[in-house]
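Each chain, letter by letter, is given below.
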Amino acid sequence: MTSSNVFTRRVSLVVEKRRVEFVAFVGCVAVLFMEHWKRRQMRLNYIWDLTGFGEEEEDHNRAEYEFRVMQKTMRLEHSTPKIAVTFAIVFGVILYRISIKAALHISSYPAARSNIRATVKTTAAIINLIIIIVLDEIYGAIARWLTTLEVPKTDKSFEERLIFKTFILKFVNAFTPIVYLAFFRGRLVGRPGKYLYVVGSYRMEECAHAGCLMELCIQLCITMLGKQLIQNNLFEIGIPKLKKLLRRRKSELDSKQEEELNNSLQRHEKDHLLGPFVGLSPEYMEMIIQFGMVTLFVASFPLAPLFALLNNIIEIRLDAKKFVMELRRPIAAKAKDIGIWYNLLRGLSKVAVIVNAFVISFTSDFIPRLVYQYMYSPDGTMHGFIDHTLSSFNVSDFQPGTAPQQPMNLGHKVETCRYKDYREPPWSNTPYELSKEFWAILAARLAFVIVFQNVVMLMSDFVDWLIPDIPKDISLQIHKEKILMVELFMKEEQGKRLAARDNHHRDSGTSPSSTNQTPTLPRSRPVSHTDCC
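Cut-offs used in this document
Residues numbered from 1 in each chain as written. Predicted model: local features only at pLDDT ≥ 70, side-chain atom pairs only at ≥ 80, totals over all residues. Heavy atoms only, no water. UniProt positions renumbered as here; feature names shortened; annotations may be inferred. Disulfide = S-S within 2.5 Å. Buried < 20%, exposed > 50% of the residue type's maximum accessible area, 1.4 Å probe, protein only. Helix = DSSP H or I, 4+ residues; strand = E, 2+ residues; numbered from the N terminus. Salt bridge = Lys/Arg side-chain N within 4 Å of Asp/Glu carboxyl O.

- Looking at an unreviewed UniProt entry, the protein chain carries the name Anoctamin, with the source organism given as Scophthalmus maximus.
- Entered under Sequence similarities (unreviewed entry) in the UniProt record, the comment concerning the protein chain runs "Belongs to the anoctamin family."

Laid out in C-alpha coordinates, this is it:
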(Lines give C-alpha, C1' and ligand atoms only; values in the text may rest on other atoms or scores of the structure.)
Protein backbone atom coordinates (compact mmCIF):
# COMPACT_ATOMS: atom_id res chain seq x y z
CA MET A 1 0.00 0.00 0.00
CA THR A 2 1.37 3.41 -0.99
CA SER A 3 1.78 6.36 1.35
CA SER A 4 -1.11 8.18 -0.33
CA ASN A 5 -3.45 5.26 0.36
CA VAL A 6 -2.36 5.14 4.00
CA PHE A 7 -2.99 8.88 4.28
CA THR A 8 -6.43 8.46 2.70
CA ARG A 9 -7.35 5.74 5.20
CA ARG A 10 -6.26 7.90 8.12
CA VAL A 11 -8.21 10.89 6.82
CA SER A 12 -11.35 8.80 6.34
CA LEU A 13 -11.08 7.48 9.91
CA VAL A 14 -10.70 11.03 11.23
CA VAL A 15 -13.73 12.10 9.18
CA GLU A 16 -15.80 9.27 10.67
CA LYS A 17 -14.81 10.34 14.19
CA ARG A 18 -15.82 13.93 13.42
CA ARG A 19 -19.10 12.60 12.08
CA VAL A 20 -19.83 11.03 15.46
CA GLU A 21 -19.08 14.31 17.22
CA PHE A 22 -21.26 16.21 14.76
CA VAL A 23 -24.21 13.88 15.32
CA ALA A 24 -23.89 14.30 19.09
CA PHE A 25 -23.77 18.07 18.59
CA VAL A 26 -26.91 18.03 16.43
CA GLY A 27 -28.71 15.95 19.06
CA CYS A 28 -27.91 18.54 21.72
CA VAL A 29 -28.91 21.37 19.39
CA ALA A 30 -32.28 19.68 18.81
CA VAL A 31 -32.84 19.58 22.58
CA LEU A 32 -31.80 23.24 22.86
CA PHE A 33 -34.28 24.08 20.13
CA MET A 34 -37.09 22.34 22.02
CA GLU A 35 -36.15 24.06 25.28
CA HIS A 36 -35.97 27.44 23.56
CA TRP A 37 -39.43 26.91 22.11
CA LYS A 38 -40.87 25.96 25.52
CA ARG A 39 -39.49 29.15 27.04
CA ARG A 40 -40.71 31.22 24.10
CA GLN A 41 -44.12 29.59 24.38
CA MET A 42 -44.40 30.43 28.08
CA ARG A 43 -43.43 34.05 27.38
CA LEU A 44 -46.08 34.33 24.68
CA ASN A 45 -48.65 32.72 26.98
CA TYR A 46 -47.92 35.36 29.61
CA ILE A 47 -47.90 38.28 27.16
CA TRP A 48 -51.16 37.18 25.53
CA ASP A 49 -52.78 36.31 28.91
CA LEU A 50 -53.17 32.59 28.16
CA THR A 51 -51.45 31.11 31.21
CA GLY A 52 -54.67 29.55 32.52
CA PHE A 53 -56.25 28.83 29.16
CA GLY A 54 -57.07 25.25 28.30
CA GLU A 55 -57.18 23.82 31.83
CA GLU A 56 -60.93 23.36 31.63
CA GLU A 57 -60.45 20.89 28.77
CA GLU A 58 -58.52 18.33 30.78
CA ASP A 59 -61.60 16.69 32.31
CA HIS A 60 -63.21 16.36 28.90
CA ASN A 61 -60.03 14.85 27.47
CA ARG A 62 -59.99 12.21 30.20
CA ALA A 63 -63.61 11.39 29.41
CA GLU A 64 -62.66 10.75 25.79
CA TYR A 65 -59.95 8.22 26.64
CA GLU A 66 -62.20 5.15 26.47
CA PHE A 67 -63.66 6.34 23.18
CA ARG A 68 -60.18 6.68 21.67
CA VAL A 69 -59.19 3.18 22.83
CA MET A 70 -62.32 1.66 21.29
CA GLN A 71 -61.54 3.17 17.89
CA LYS A 72 -57.78 2.54 17.90
CA THR A 73 -58.14 -0.90 16.30
CA MET A 74 -60.32 0.47 13.53
CA ARG A 75 -57.80 3.24 12.88
CA LEU A 76 -54.92 0.79 12.51
CA GLU A 77 -56.92 -1.51 10.27
CA HIS A 78 -57.69 1.36 7.90
CA SER A 79 -54.16 2.82 7.89
CA THR A 80 -52.16 -0.38 7.35
CA PRO A 81 -53.17 -0.99 3.69
CA LYS A 82 -52.20 2.60 2.81
CA ILE A 83 -48.73 2.18 4.31
CA ALA A 84 -48.38 -1.13 2.42
CA VAL A 85 -48.78 0.85 -0.82
CA THR A 86 -45.59 2.77 0.05
CA PHE A 87 -43.63 -0.44 0.61
CA ALA A 88 -44.90 -1.82 -2.70
CA ILE A 89 -43.78 1.32 -4.52
CA VAL A 90 -40.35 1.16 -2.88
CA PHE A 91 -40.03 -2.44 -4.06
CA GLY A 92 -40.99 -1.28 -7.55
CA VAL A 93 -38.20 1.31 -7.49
CA ILE A 94 -35.80 -1.45 -6.39
CA LEU A 95 -36.82 -3.52 -9.41
CA TYR A 96 -36.33 -0.45 -11.60
CA ARG A 97 -32.76 -0.02 -10.33
CA ILE A 98 -31.96 -3.71 -10.83
CA SER A 99 -33.40 -3.87 -14.35
CA ILE A 100 -31.91 -0.56 -15.56
CA LYS A 101 -28.51 -1.51 -14.19
CA ALA A 102 -28.63 -4.85 -16.00
CA ALA A 103 -29.80 -3.19 -19.22
CA LEU A 104 -26.99 -0.62 -19.12
CA HIS A 105 -24.41 -3.33 -18.49
CA ILE A 106 -25.38 -5.19 -21.66
CA SER A 107 -25.78 -2.01 -23.70
CA SER A 108 -23.59 -1.60 -26.80
CA TYR A 109 -23.13 2.16 -26.22
CA PRO A 110 -19.90 3.02 -24.37
CA ALA A 111 -21.42 6.21 -22.93
CA ALA A 112 -24.22 4.20 -21.31
CA ARG A 113 -21.76 1.78 -19.69
CA SER A 114 -19.38 4.47 -18.42
CA ASN A 115 -21.60 5.98 -15.68
CA ILE A 116 -23.99 3.17 -14.82
CA ARG A 117 -24.01 3.60 -11.05
CA ALA A 118 -24.42 7.40 -11.14
CA THR A 119 -27.22 7.16 -13.71
CA VAL A 120 -29.15 4.56 -11.74
CA LYS A 121 -28.72 6.42 -8.44
CA THR A 122 -29.87 9.78 -9.79
CA THR A 123 -32.83 8.54 -11.83
CA ALA A 124 -34.07 6.31 -9.00
CA ALA A 125 -33.85 9.21 -6.53
CA ILE A 126 -35.83 11.46 -8.90
CA ILE A 127 -38.50 8.77 -9.36
CA ASN A 128 -38.73 8.40 -5.59
CA LEU A 129 -39.15 12.17 -5.25
CA ILE A 130 -41.99 12.30 -7.79
CA ILE A 131 -43.76 9.38 -6.10
CA ILE A 132 -43.36 11.00 -2.67
CA ILE A 133 -44.87 14.29 -3.87
CA VAL A 134 -47.84 12.54 -5.53
CA LEU A 135 -48.52 10.22 -2.60
CA ASP A 136 -48.32 13.11 -0.13
CA GLU A 137 -51.42 14.67 -1.69
CA ILE A 138 -53.22 11.32 -1.82
CA TYR A 139 -52.33 10.45 1.77
CA GLY A 140 -53.59 13.85 2.98
CA ALA A 141 -57.05 13.10 1.54
CA ILE A 142 -56.98 9.54 2.91
CA ALA A 143 -56.09 10.77 6.42
CA ARG A 144 -59.04 13.19 6.40
CA TRP A 145 -61.37 10.44 5.19
CA LEU A 146 -60.21 8.04 7.93
CA THR A 147 -60.64 10.71 10.60
CA THR A 148 -64.16 11.49 9.36
CA LEU A 149 -65.06 7.81 9.70
CA GLU A 150 -64.16 7.91 13.40
CA VAL A 151 -66.60 10.77 14.11
CA PRO A 152 -64.58 12.50 16.88
CA LYS A 153 -66.61 14.29 19.54
CA THR A 154 -64.84 17.66 19.46
CA ASP A 155 -63.06 19.81 16.90
CA LYS A 156 -59.84 19.55 18.88
CA SER A 157 -60.02 15.75 18.90
CA PHE A 158 -60.73 15.75 15.16
CA GLU A 159 -57.75 17.99 14.47
CA GLU A 160 -55.34 15.97 16.63
CA ARG A 161 -56.35 12.68 15.03
CA LEU A 162 -56.12 14.14 11.55
CA ILE A 163 -52.65 15.53 12.29
CA PHE A 164 -51.43 12.21 13.70
CA LYS A 165 -52.69 10.16 10.74
CA THR A 166 -51.34 12.62 8.20
CA PHE A 167 -47.97 12.65 9.93
CA ILE A 168 -47.71 8.85 10.04
CA LEU A 169 -48.63 8.42 6.37
CA LYS A 170 -46.42 11.24 5.07
CA PHE A 171 -43.52 10.28 7.33
CA VAL A 172 -43.56 6.67 6.10
CA ASN A 173 -43.94 7.91 2.53
CA ALA A 174 -40.94 10.26 2.77
CA PHE A 175 -38.55 8.08 4.76
CA THR A 176 -39.21 4.52 3.57
CA PRO A 177 -36.77 4.77 0.58
CA ILE A 178 -34.18 6.37 2.85
CA VAL A 179 -34.54 3.68 5.51
CA TYR A 180 -34.16 0.99 2.85
CA LEU A 181 -30.91 2.51 1.58
CA ALA A 182 -29.55 3.03 5.07
CA PHE A 183 -30.30 -0.33 6.69
CA PHE A 184 -31.41 -2.94 4.15
CA ARG A 185 -29.67 -2.42 0.84
CA GLY A 186 -26.59 -4.59 0.43
CA ARG A 187 -27.53 -6.85 3.35
CA LEU A 188 -29.98 -9.09 1.52
CA VAL A 189 -27.80 -10.09 -1.45
CA GLY A 190 -26.43 -13.43 -0.28
CA ARG A 191 -22.91 -14.47 -1.30
CA PRO A 192 -21.15 -15.84 -4.40
CA GLY A 193 -22.60 -19.23 -5.21
CA LYS A 194 -25.74 -18.48 -3.19
CA TYR A 195 -27.05 -15.11 -4.32
CA LEU A 196 -30.57 -13.91 -3.62
CA TYR A 197 -32.61 -13.51 -6.81
CA VAL A 198 -35.89 -11.66 -7.37
CA VAL A 199 -38.29 -11.81 -10.31
CA GLY A 200 -36.51 -14.71 -11.92
CA SER A 201 -32.82 -14.16 -12.55
CA TYR A 202 -32.30 -10.62 -11.19
CA ARG A 203 -29.88 -10.38 -8.30
CA MET A 204 -30.63 -8.06 -5.40
CA GLU A 205 -28.72 -4.81 -5.68
CA GLU A 206 -25.53 -4.30 -3.70
CA CYS A 207 -23.83 -1.25 -2.24
CA ALA A 208 -20.74 0.29 -3.76
CA HIS A 209 -17.32 -0.77 -2.51
CA ALA A 210 -17.28 2.21 -0.14
CA GLY A 211 -20.74 1.35 1.22
CA CYS A 212 -24.22 2.83 0.78
CA LEU A 213 -23.47 6.07 2.61
CA MET A 214 -22.87 8.10 -0.56
CA GLU A 215 -26.04 6.83 -2.23
CA LEU A 216 -27.95 7.59 0.96
CA CYS A 217 -26.55 11.13 0.83
CA ILE A 218 -27.68 11.53 -2.79
CA GLN A 219 -31.17 10.24 -2.00
CA LEU A 220 -31.50 12.59 0.98
CA CYS A 221 -30.20 15.57 -0.98
CA ILE A 222 -32.59 15.08 -3.92
CA THR A 223 -35.57 14.29 -1.68
CA MET A 224 -35.03 17.19 0.70
CA LEU A 225 -34.20 19.82 -1.92
CA GLY A 226 -36.93 18.54 -4.26
CA LYS A 227 -39.64 18.61 -1.61
CA GLN A 228 -38.61 22.06 -0.44
CA LEU A 229 -38.28 23.53 -3.91
CA ILE A 230 -41.26 21.88 -5.61
CA GLN A 231 -43.75 21.00 -2.91
CA ASN A 232 -43.10 23.72 -0.33
CA ASN A 233 -42.26 26.68 -2.56
CA LEU A 234 -43.47 26.25 -6.14
CA PHE A 235 -46.78 24.69 -5.09
CA GLU A 236 -47.42 27.43 -2.53
CA ILE A 237 -46.94 30.09 -5.21
CA GLY A 238 -48.30 28.28 -8.23
CA ILE A 239 -51.48 26.70 -6.88
CA PRO A 240 -53.04 29.96 -5.50
CA LYS A 241 -52.17 31.79 -8.73
CA LEU A 242 -53.62 28.94 -10.79
CA LYS A 243 -56.86 29.07 -8.79
CA LYS A 244 -57.04 32.84 -9.27
CA LEU A 245 -56.52 32.40 -13.01
CA LEU A 246 -59.30 29.81 -13.17
CA ARG A 247 -61.66 32.15 -11.30
CA ARG A 248 -60.87 34.92 -13.80
CA ARG A 249 -61.56 32.64 -16.74
CA LYS A 250 -64.89 31.58 -15.28
CA SER A 251 -65.84 35.24 -14.87
CA GLU A 252 -67.90 36.77 -17.70
CA LEU A 253 -66.22 40.17 -17.35
CA ASP A 254 -63.32 41.33 -19.47
CA SER A 255 -60.15 42.81 -18.00
CA LYS A 256 -61.36 46.42 -18.13
CA GLN A 257 -64.71 45.66 -16.52
CA GLU A 258 -63.01 43.54 -13.88
CA GLU A 259 -60.61 46.39 -13.06
CA GLU A 260 -63.52 48.84 -12.72
CA LEU A 261 -65.36 46.40 -10.49
CA ASN A 262 -62.27 45.88 -8.38
CA ASN A 263 -61.89 49.64 -7.88
CA SER A 264 -65.49 49.96 -6.75
CA LEU A 265 -65.32 47.19 -4.15
CA GLN A 266 -64.66 47.76 -0.47
CA ARG A 267 -61.67 46.21 1.31
CA HIS A 268 -63.68 43.39 2.89
CA GLU A 269 -65.31 42.60 -0.45
CA LYS A 270 -61.90 42.32 -2.13
CA ASP A 271 -60.68 40.02 0.66
CA HIS A 272 -63.69 37.78 0.15
CA LEU A 273 -62.58 37.15 -3.44
CA LEU A 274 -59.27 35.68 -2.22
CA GLY A 275 -58.69 31.99 -1.56
CA PRO A 276 -59.97 30.48 1.69
CA PHE A 277 -57.62 29.98 4.61
CA VAL A 278 -57.28 26.24 5.22
CA GLY A 279 -55.37 26.39 8.51
CA LEU A 280 -51.79 26.05 9.65
CA SER A 281 -51.54 22.27 9.56
CA PRO A 282 -49.85 22.16 6.11
CA GLU A 283 -47.23 24.66 7.29
CA TYR A 284 -46.58 22.69 10.47
CA MET A 285 -46.35 19.45 8.48
CA GLU A 286 -43.68 20.95 6.21
CA MET A 287 -41.60 21.93 9.22
CA ILE A 288 -42.05 18.54 10.90
CA ILE A 289 -40.88 16.62 7.81
CA GLN A 290 -38.00 19.05 7.36
CA PHE A 291 -37.04 18.62 11.01
CA GLY A 292 -36.98 14.86 10.42
CA MET A 293 -34.77 15.28 7.35
CA VAL A 294 -32.36 17.46 9.31
CA THR A 295 -32.08 15.33 12.45
CA LEU A 296 -32.79 11.69 11.55
CA PHE A 297 -30.08 11.15 8.92
CA VAL A 298 -27.76 14.06 9.52
CA ALA A 299 -24.87 11.58 9.84
CA SER A 300 -25.14 10.80 6.12
CA PHE A 301 -26.04 14.32 4.92
CA PRO A 302 -24.31 16.92 7.12
CA LEU A 303 -25.37 19.80 4.85
CA ALA A 304 -29.06 19.22 5.62
CA PRO A 305 -29.22 21.93 8.36
CA LEU A 306 -27.68 24.51 5.99
CA PHE A 307 -30.16 23.74 3.20
CA ALA A 308 -33.03 23.85 5.71
CA LEU A 309 -31.90 27.29 6.92
CA LEU A 310 -31.67 28.68 3.37
CA ASN A 311 -35.07 27.22 2.50
CA ASN A 312 -36.71 28.72 5.59
CA ILE A 313 -35.27 32.16 4.87
CA ILE A 314 -36.86 32.05 1.41
CA GLU A 315 -40.09 30.44 2.57
CA ILE A 316 -40.70 33.13 5.21
CA ARG A 317 -41.09 35.72 2.45
CA LEU A 318 -43.14 33.38 0.25
CA ASP A 319 -45.52 32.58 3.11
CA ALA A 320 -45.82 36.28 3.95
CA LYS A 321 -46.82 37.06 0.37
CA LYS A 322 -49.22 34.12 0.28
CA PHE A 323 -51.01 35.06 3.51
CA VAL A 324 -51.21 38.76 2.63
CA MET A 325 -51.94 38.67 -1.11
CA GLU A 326 -53.48 35.28 -1.94
CA LEU A 327 -55.51 34.11 1.09
CA ARG A 328 -58.30 35.54 3.19
CA ARG A 329 -57.51 36.83 6.63
CA PRO A 330 -57.63 33.91 9.11
CA ILE A 331 -60.03 34.03 12.03
CA ALA A 332 -58.06 34.37 15.26
CA ALA A 333 -58.53 31.62 17.85
CA LYS A 334 -56.98 31.12 21.27
CA ALA A 335 -54.51 28.29 21.77
CA LYS A 336 -52.32 27.58 24.80
CA ASP A 337 -49.57 25.89 22.76
CA ILE A 338 -48.93 24.21 19.41
CA GLY A 339 -50.63 21.05 20.64
CA ILE A 340 -49.64 17.66 19.27
CA TRP A 341 -46.96 19.20 17.06
CA TYR A 342 -44.66 19.68 20.04
CA ASN A 343 -44.99 16.00 20.99
CA LEU A 344 -44.13 15.00 17.42
CA LEU A 345 -41.06 17.25 17.41
CA ARG A 346 -39.88 15.89 20.74
CA GLY A 347 -40.43 12.31 19.59
CA LEU A 348 -38.43 12.94 16.41
CA SER A 349 -35.55 14.42 18.40
CA LYS A 350 -35.41 11.25 20.52
CA VAL A 351 -35.68 8.88 17.56
CA ALA A 352 -33.01 10.86 15.69
CA VAL A 353 -30.36 9.87 18.23
CA ILE A 354 -31.10 6.16 17.76
CA VAL A 355 -31.32 6.36 13.97
CA ASN A 356 -28.03 8.24 13.63
CA ALA A 357 -26.35 5.76 15.96
CA PHE A 358 -27.43 2.92 13.66
CA VAL A 359 -26.39 4.87 10.54
CA ILE A 360 -22.88 5.43 11.91
CA SER A 361 -22.61 1.89 13.21
CA PHE A 362 -24.12 -0.17 10.37
CA THR A 363 -24.07 1.99 7.24
CA SER A 364 -20.55 3.40 7.43
CA ASP A 365 -17.21 1.60 7.97
CA PHE A 366 -16.45 3.48 11.18
CA ILE A 367 -16.82 0.48 13.51
CA PRO A 368 -15.01 -2.05 11.22
CA ARG A 369 -12.09 0.38 10.94
CA LEU A 370 -11.84 0.79 14.69
CA VAL A 371 -12.14 -2.95 15.30
CA TYR A 372 -9.41 -3.68 12.77
CA GLN A 373 -7.10 -0.96 14.10
CA TYR A 374 -7.34 -2.02 17.74
CA MET A 375 -7.87 -5.81 17.42
CA TYR A 376 -6.44 -7.18 14.17
CA SER A 377 -3.88 -4.69 12.87
CA PRO A 378 -0.31 -5.90 13.56
CA ASP A 379 1.09 -2.37 13.86
CA GLY A 380 -1.99 -0.42 15.04
CA THR A 381 -2.52 1.29 11.66
CA MET A 382 -5.03 0.88 8.84
CA HIS A 383 -2.51 -0.98 6.68
CA GLY A 384 -4.19 -4.17 5.39
CA PHE A 385 -7.77 -3.09 6.22
CA ILE A 386 -9.14 -3.70 2.72
CA ASP A 387 -7.70 -7.22 2.60
CA HIS A 388 -9.21 -7.87 6.04
CA THR A 389 -12.73 -7.02 4.78
CA LEU A 390 -12.53 -9.42 1.81
CA SER A 391 -13.41 -13.10 1.86
CA SER A 392 -12.34 -15.83 -0.57
CA PHE A 393 -14.54 -17.90 -2.90
CA ASN A 394 -13.70 -20.90 -5.04
CA VAL A 395 -15.21 -20.38 -8.50
CA SER A 396 -15.90 -24.11 -8.80
CA ASP A 397 -18.60 -23.69 -6.11
CA PHE A 398 -20.85 -21.62 -8.38
CA GLN A 399 -24.32 -23.10 -8.80
CA PRO A 400 -25.22 -24.20 -12.33
CA GLY A 401 -26.15 -21.23 -14.47
CA THR A 402 -24.75 -18.60 -12.10
CA ALA A 403 -21.06 -18.61 -13.11
CA PRO A 404 -19.61 -15.68 -15.10
CA GLN A 405 -20.31 -15.92 -18.82
CA GLN A 406 -16.72 -14.95 -19.74
CA PRO A 407 -14.39 -16.76 -17.34
CA MET A 408 -11.30 -15.85 -19.41
CA ASN A 409 -12.04 -12.13 -19.35
CA LEU A 410 -8.79 -11.41 -17.48
CA GLY A 411 -6.69 -13.45 -19.89
CA HIS A 412 -6.20 -16.38 -17.54
CA LYS A 413 -8.34 -18.83 -15.63
CA VAL A 414 -9.48 -17.58 -12.23
CA GLU A 415 -9.75 -20.22 -9.52
CA THR A 416 -10.34 -18.01 -6.45
CA CYS A 417 -12.01 -14.60 -6.25
CA ARG A 418 -12.49 -12.11 -3.41
CA TYR A 419 -15.71 -10.44 -2.28
CA LYS A 420 -16.57 -8.01 0.51
CA ASP A 421 -17.86 -9.96 3.49
CA TYR A 422 -16.70 -11.61 6.69
CA ARG A 423 -16.98 -15.35 5.92
CA GLU A 424 -14.85 -18.44 6.36
CA PRO A 425 -12.64 -19.41 3.38
CA PRO A 426 -13.56 -22.42 1.20
CA TRP A 427 -10.73 -24.53 2.67
CA SER A 428 -11.97 -24.22 6.26
CA ASN A 429 -14.10 -26.79 8.14
CA THR A 430 -17.17 -24.53 7.80
CA PRO A 431 -16.78 -22.94 4.35
CA TYR A 432 -18.63 -19.71 3.65
CA GLU A 433 -20.11 -19.48 7.14
CA LEU A 434 -19.97 -16.18 9.00
CA SER A 435 -16.56 -15.78 10.58
CA LYS A 436 -15.69 -14.75 14.11
CA GLU A 437 -14.60 -11.36 12.80
CA PHE A 438 -18.19 -10.78 11.67
CA TRP A 439 -19.56 -11.47 15.13
CA ALA A 440 -16.88 -9.34 16.78
CA ILE A 441 -17.75 -6.39 14.54
CA LEU A 442 -21.48 -6.95 15.09
CA ALA A 443 -20.96 -6.91 18.85
CA ALA A 444 -18.90 -3.72 18.55
CA ARG A 445 -21.62 -2.12 16.43
CA LEU A 446 -24.37 -2.94 18.91
CA ALA A 447 -22.18 -1.76 21.79
CA PHE A 448 -21.56 1.53 19.99
CA VAL A 449 -25.30 2.03 19.44
CA ILE A 450 -26.04 1.45 23.13
CA VAL A 451 -23.20 3.65 24.40
CA PHE A 452 -23.77 6.45 21.88
CA GLN A 453 -27.52 6.50 22.49
CA ASN A 454 -27.19 6.61 26.27
CA VAL A 455 -24.44 9.25 26.22
CA VAL A 456 -26.36 11.58 23.91
CA MET A 457 -29.61 10.97 25.80
CA LEU A 458 -27.84 11.73 29.07
CA MET A 459 -26.44 14.95 27.63
CA SER A 460 -29.90 15.87 26.31
CA ASP A 461 -31.56 15.20 29.67
CA PHE A 462 -28.88 17.25 31.40
CA VAL A 463 -29.53 20.18 29.05
CA ASP A 464 -33.27 19.73 29.62
CA TRP A 465 -32.75 19.78 33.39
CA LEU A 466 -30.32 22.70 33.26
CA ILE A 467 -32.61 25.06 31.34
CA PRO A 468 -35.87 25.92 33.15
CA ASP A 469 -39.05 25.70 31.12
CA ILE A 470 -40.26 29.11 32.35
CA PRO A 471 -38.00 32.20 32.06
CA LYS A 472 -36.99 33.62 35.43
CA ASP A 473 -38.55 37.04 34.87
CA ILE A 474 -41.85 35.49 33.79
CA SER A 475 -41.80 33.12 36.78
CA LEU A 476 -41.21 36.03 39.20
CA GLN A 477 -43.94 38.09 37.58
CA ILE A 478 -46.44 35.22 37.78
CA HIS A 479 -45.50 34.71 41.45
CA LYS A 480 -46.05 38.41 42.19
CA GLU A 481 -49.40 38.33 40.45
CA LYS A 482 -50.47 35.31 42.50
CA ILE A 483 -49.53 37.15 45.71
CA LEU A 484 -51.50 40.20 44.61
CA MET A 485 -54.47 38.01 43.74
CA VAL A 486 -54.35 36.39 47.19
CA GLU A 487 -54.16 39.81 48.89
CA LEU A 488 -57.05 41.08 46.79
CA PHE A 489 -59.06 38.01 47.63
CA MET A 490 -58.36 38.43 51.34
CA LYS A 491 -59.41 42.09 51.19
CA GLU A 492 -62.63 41.16 49.45
CA GLU A 493 -63.36 38.49 52.05
CA GLN A 494 -62.61 40.92 54.88
CA GLY A 495 -64.90 43.51 53.29
CA LYS A 496 -67.68 40.94 52.97
CA ARG A 497 -67.32 39.98 56.64
CA LEU A 498 -67.45 43.62 57.77
CA ALA A 499 -70.50 44.25 55.61
CA ALA A 500 -72.22 41.17 57.01
CA ARG A 501 -71.49 42.24 60.61
CA ASP A 502 -72.79 45.73 59.95
CA ASN A 503 -76.00 44.31 58.56
CA HIS A 504 -76.32 42.05 61.60
CA HIS A 505 -75.89 44.95 64.06
CA ARG A 506 -78.30 47.10 62.09
CA ASP A 507 -80.95 44.41 62.27
CA SER A 508 -80.46 43.93 66.05
CA GLY A 509 -80.61 47.69 66.73
CA THR A 510 -77.15 47.97 68.33
CA SER A 511 -74.56 50.46 67.21
CA PRO A 512 -71.38 49.00 65.76
CA SER A 513 -69.39 51.95 67.19
CA SER A 514 -70.57 51.33 70.73
CA THR A 515 -69.80 47.73 70.38
CA ASN A 516 -66.32 48.60 69.29
CA GLN A 517 -65.82 51.07 72.19
CA THR A 518 -66.84 48.60 74.94
CA PRO A 519 -65.20 45.42 74.03
CA THR A 520 -66.09 42.31 75.95
CA LEU A 521 -63.53 41.56 78.66
CA PRO A 522 -62.20 38.04 78.80
CA ARG A 523 -63.48 35.93 81.64
CA SER A 524 -61.01 35.32 84.49
CA ARG A 525 -60.85 32.73 87.20
CA PRO A 526 -62.36 33.90 90.62
CA VAL A 527 -59.84 35.06 93.25
CA SER A 528 -59.74 33.04 96.49
CA HIS A 529 -59.50 35.08 99.83
CA THR A 530 -58.43 32.21 102.01
CA ASP A 531 -56.06 33.22 104.87
CA CYS A 532 -52.55 31.96 104.60
CA CYS A 533 -50.87 30.39 107.53
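### Let's talk about the state of the cysteines
Thinking step 1. Summed over all chains, the structure comprises zero disulfides.
Thinking step 2. The cysteine C217 is free of any disulfide, with C221 supplying the nearest cysteine sulfur at 6.3 Å.
Thinking step 3. Using a relative accessible area of 18% as the deciding quantity, one classes C217 as buried.
Thinking step 4. C221 sits in the partly exposed class, given a relative accessible area of 23%.

### Regarding the UniProt feature "transmembrane region" (unreviewed entry) in the protein chain
Thinking step 1. This chain's UniProt record puts "transmembrane region" (unreviewed entry) on residues 20-37, 83-104, 124-146, 167-184 and 287-310.
Thinking step 2. Across residues 124-146, the secondary structure splits into 100% helix and 0% strand, with the terminal C-alpha atoms separated by 31 Å.
Thinking step 3. A helix fraction of 94% and a strand fraction of 0% characterise residues 167-184, whose end C-alpha atoms lie 23 Å from each other.

### Comments concerning the pattern of salt bridges
Any two side chains of opposite charge can pair if their charged atoms end up close together.
Thinking step 1. Throughout the structure, instances matching the rule amount to 16 salt bridges.
Thinking step 2. Put simply, R161 and E150 hold a salt bridge, and the shortest N to O gap is 3.0 Å. Here the residue R161 occupies a position in helix α6 (residues 155-183), and E150 occupies one in helix α5 (residues 116-150), the gap between them amounting to eleven residues.
Thinking step 3. Residue R161 is classed as buried on the basis of its relative accessible area of 7%.
Thinking step 4. As a salt-bridge pair, E215 and R185 come within 2.1 Å of each other at their nearest N and O atoms. Of this pair, E215 sits in helix α7 (residues 213-250) while R185 sits in the loop between α6 and β1 (190-191); the two residues are 30 residues apart in sequence, bridging distant segments of the chain.

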